[in-house]
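Close look at the chain arrangement
Take a look at the letters that make up each chain.
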Amino acid sequence: MYLVHVQVRSSAGSGLPADVAGRVLATAVPDERIEHVAVHPHARPYPVLGVVLGADGLEQAEERAAAVVRRALAAHDELREWEQVTAQVPLIGPFYELLVERETPGELSG
């Protein structure tokens, strides 16, 4: 399973429709193995659709997530002002770096 973050932006500056996750799921076909879509409308610099899916590898996961989101944006009138910016599996390294920065050297455990 992979989690792919698909950033989207609106040419009109409007917010994402409330049912965008359902629209993306409805656009997917079974072979794409899309399991779940989470919406992060306040992510910066652009809103993020978190697409959870099965794939044979990282590149395939990113390509599938991007394809289904692009199809959903094109298929629904309420989403046509939106465009995909990126589609990437998020790296968790920055999260762990932040945790380490918050600890003092005496508090680090091995």
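Please refer to the structure higher up on the page.
Residues numbered from 1 in each chain as written. Predicted model: local features only at pLDDT ≥ 70, side-chain atom pairs only at ≥ 80, totals over all residues. Heavy atoms only, no water.

1. Looking at the environment of valine 39
Here is the rule: Here a strand is any run of E in DSSP of at least two residues, a helix any run of H or I of at least four, and the numbering for each starts at the N terminus. Here a residue-residue contact requires only that any non-hydrogen atoms of the pair lie within 4.5 Å.
Relative to the helices and strands, valine 39 resides in strand S2 (residues 34-40). Sequence separation of valine 39 and aspartate 19 is 20 residues, and the distance between their C-alpha atoms is 9.3 Å. In contact with valine 39, not counting residues within four places along its chain, are Leu16, Val20, Ala21, Val48 and Leu49.

2. Some words on helix H1 (residues 20-27)
Short version of the rule: Only protein chains enter the accessibility calculation, which uses a 1.4 Å probe. A residue is then buried if its area is under 20% of the maximum for its type, exposed if over 50%, and partly exposed in between. The directions considered for the arc are those from the helix axis to the C-beta atoms.
Listed in full, the buried residues belonging to H1 are Val20, Ala21, Arg23, Val24 and Thr27. Down the axis of H1, the smallest arc covering the buried residues is 165°, so these residues share one side. In this structure, the buried residues of H1 make contact with S2, strand S3 (48-53) and helix H2 (58-75).

3. Digging into unusual backbone geometry
For the bond running from arginine 44 to proline 45, omega is 10°, close enough to zero to count as cis. With respect to the secondary-structure elements, proline 45 resides in the loop between S2 and S3. Despite not being glycine, arginine 33 has its phi angle at roughly 60°, a positive value. Among the structural elements, arginine 33 can be located in the loop between H1 and S2.

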